[in-house]
Amino acid sequence: MTRIVTRNLKEDKDGIPGYIAYAEREEKGPGLLLIHQHSGLTGYLKTAAYQFAQLGYTTVIPNLYHMLGYPAETHIDKGTEIQNKTPDPDFVRVIDQGWRYVCARNDVNASRVGVIGYCMGGRIGIHFVAATPGARAFVAYYPSVADEPATRIRPRHPCDAAREIRCPTMVLYGGNDRTSTFPVQQRVMESFHANGQPLEWHYFHFGNHGFASTESDGYQPYLANLVWPLVTEFLSRELVGPAL
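None of these values were measured; they are calculated from a predicted model. (Residues numbered from 1 in each chain as written. Predicted model: local features only at pLDDT ≥ 70, side-chain atom pairs only at ≥ 80, totals over all residues. Heavy atoms only, no water.)

Trainee: Account for empty space enclosed by the protein, naming residues and giving values.
Mentor: Applying the stated criterion across every chain, the model contains 1 cavity of 30 Å³ or more. Looking at the lining of the largest cavity, its residues break down into 3 nonpolar, 1 polar and 4 charged. (1 Å grid on protein atoms, 1.4 Å probe; cavity = no way out; pocket = protein on both sides within 12 Å on 5 of 7 lines; lining within 4 Å. Points joined across faces, edges and corners; volume = space filled by probe spheres on them. Nonpolar A, V, L, I, M, F, W, Y, C, P; charged D, E, K, R; others polar.)

Trainee: Give me the environment of aspartate 14: which residues, what numbers.
Mentor: Here aspartate 14 lies in helix 1 (residues 11-14). Sequence separation of aspartate 14 and tyrosine 101 is 87 residues, and the distance between their C-alpha atoms is 8.5 Å. Filtering out sequence-adjacent residues up to four positions away, aspartate 14 remains in contact with Arg7, Asn8, Leu9 and Tyr101. For aspartate 14, the side chain forms a polar contact with the side chain of arginine 7, separated by 2.9 Å. (Helix = DSSP H or I, 4+ residues; strand = E, 2+ residues; numbered from the N terminus. Contact = heavy atoms within 4.5 Å. Polar contact = N/O pair within 3.5 Å; in protein donor to acceptor, adjacent residues only side chain to side chain.)

Trainee: Which residues make up the sheet that holds strand 2 (residues 18-23), and what values go with them?
Mentor: Taking strand neighbours across the sheet as the criterion, the 8 strands line up as 1-2-4-3-5-6-7-8 in an open arrangement whose pairing is mixed. Of all the strands in the sheet, just strand 1 (4-9) and strand 8 (199-204) have a single pairing partner and so form its edges. This sheet shows a mean twist of 15° between the axes of neighbouring strands, independent of strand direction. With 4 bridges joining them, strand 6 (residues 137-141) and strand 7 (residues 169-174) adopt parallel strand pairing. Among the inter-strand pairings, valine 139 is bridged to a residue of strand 7, identified as methionine 170. Sheet contacts for helix 5 (residues 88-104): strand 1, strand 2, strand 3 (29-35), strand 4 (58-62) and strand 5 (108-118); angle to strand 5, the most-contacted strand, approximately 145°. The strands touched by helix 8 (residues 182-194) are strand 6, strand 7 and strand 8; relative to strand 8, the strand with the most contacts, the crossing angle is about 165°. (Pairing = 2+ DSSP bridges. Axes fitted to C-alpha atoms, helices over the stretch in contact; angles between N-to-C directions.)

Trainee: Could you give an account of helix 5, with specific residues and numbers?
Mentor: End to end, helix 5 covers 24 Å across 17 residues, agreeing with the expected 24 Å (1.5 Å per residue, within 8%). Looking only at helix 5, the buried set comprises Asp88, Phe91, Val92, Val94, Ile95, Gly98, Trp99, Tyr101 and Val102. (Expected span 1.5 Å × (residues − 1). Buried < 20%, exposed > 50% of the residue type's maximum accessible area, 1.4 Å probe, protein only.)

Trainee: Describe the layout of surface pockets, with residues and values.
Mentor: Empty space among the atoms can be located by rolling a probe the size of a water molecule over them. Counted as a void, the largest pocket has a volume near 310 Å³. Surrounding the largest pocket, 14 residues form its lining, Ala48, Gln51, Ala212, Ala224 and Trp228 being those nearest its centre. Sorting the residues of the lining of the largest pocket by element identifies helix 2 (43-54) and helix 9 (221-240) as the ones contributing at least two each. Considered class by class, the residues forming the lining of the largest pocket number 10 nonpolar, 4 polar and no charged. Each pocket or cavity is described by its volume, and for the second largest pocket that value is around 210 Å³. Together, 14 residues line the second largest pocket, and His38, Ser39, Ser213, Glu215 and Ser216 are the ones closest to its centre. Looking at side-chain class alone, the lining of the second largest pocket contains 4 nonpolar, 8 polar and 2 charged residues.

Trainee: A description of the pairing of strand 8 should follow, citing residues and the corresponding values.
Mentor: On any regular strand, side chains alternate: one points to one face of the sheet, the next to the other face. Here strand 7 pairs with strand 8 via 6 bridges, running parallel. Within strand 8, the residue paired with tyrosine 173 across the bridge is tyrosine 203. Considered for its hand, the β-α-β crossover made up of strand 7, helix 8 and strand 8 is right-handed. (Right-handed = clockwise from strand over helix to strand, strands pointing away.)

Trainee: Outline the pattern of salt bridges, listing residues and values.
Mentor: Counted under the stated rule, the structure contains 12 salt bridges. For arginine 123, the salt bridge goes to aspartate 88, with nearest N and O atoms at 2.8 Å. Separated by 35 residues along the polypeptide, arginine 123 in helix 6 (residues 120-130) and aspartate 88 in helix 5 bring together distant segments of the chain. A network of salt bridges, in which partner residues are shared, links Glu200, Glu233, Arg237 and Glu238. (Salt bridge = Lys/Arg side-chain N within 4 Å of Asp/Glu carboxyl O.)

Trainee: Please give an account of the packing of helix 5 against helix 6 that cites residues and values.
Mentor: In helix packing, the relevant descriptors are the interaxial angle and the interaxial distance, both defined with respect to the helix axes. Running from N to C, helix 5 and helix 6 cross one another at 80°; their axes reach a closest spacing of 9 Å. Regarding the angle of helix 5 to helix 6, the classification is roughly perpendicular. Along the contact surface, helix 5 presents Asp88, Phe91, Val92, Ile95, Asp96 and Trp99, while helix 6 presents Met120, Arg123, Ile124, His127 and Phe128. Per-class residue counts for the contact of helix 5 with helix 6 are 7 nonpolar, 1 polar and 3 charged. (Parallel < 35°, antiparallel > 145°, perpendicular 65-115°, else oblique.)

Trainee: Summarise the packing of aromatic side chains; cite the residues concerned and give the values.
Mentor: Note on aromatic pairs: each is described by the distance of the centres and the angle between the planes. Following the criterion strictly, the structure yields 13 aromatic pairs and no others. Centroid distance phenylalanine 206 to tyrosine 222: 6.3 Å. Interplanar angle 40°. Geometry classified as tilted. Linking phenylalanine 206 in the loop between strand 8 and helix 9 with tyrosine 222 in helix 9, this pair joins segments that are 16 residues apart in sequence. Phenylalanine 206 gets classed as partly exposed once you look at its relative accessible area, which sits at 30%. Take tyrosine 222: its relative accessible area is 55%, and that puts it in the exposed class. Following the ring pairs from residue to residue traces out a cluster consisting of Tyr44, Tyr118, Tyr141, Tyr142 and Phe211. Taking the ring centre of tyrosine 22 as reference, the NZ or CZ of arginine 105 above it sits at 4.8 Å. (Phe/Tyr/Trp six-rings, centres within 6.5 Å; stacked < 30°, edge-to-face > 60°. Lys NZ or Arg CZ within 6 Å of the ring centre and 35° of its normal.)

Next up, the structure:
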């Protein structure tokens, strides 16, 4: 059986802080960059990284808050505060450091790397993927897009950035999402549709915000298990094999 390696990434040793999971192999293969939620790089994302590695993806989760000057293994109590005072372009800058780390690895084919964002990571991931033509696929779990005006911290609405994305996208939303209400979700969908790239849109009327996170009050194991094959089939089609 293929050996799966998991370990923390250290800034002094690896160039970025975070977490990595990968299958040992000699040939280059696909990669994934996971962008964490507002509470930071917590345990359930490490589990997700391991599961993606089992499928052949070298999976990296940068510790964004640490990279922004708030060093810690987790930021469960401070993450929301950090997010609310950090401009989106600063997030995009440190995400790009994680992206370059993935693409430079000897076991990764840089032309077959995708991005997955969760909650805050889905929202900021929209900005990052729009600015990164090399991204081959994008999955957004309940991106926390709100109906809000431009500010110094959030100078550009994600819907404007979504129109510039140049890769296939899958978006997953729930009807019980109080962060991104249904009218906002409709606006997000129209923005992605306007970029002319393939869009897979999955709406679950009973879904909560955070339904895939074991650490969220909105966790729904049934729905998390339901969407997993949808996500993995999408990634396989876009990063590994030809379209069905």
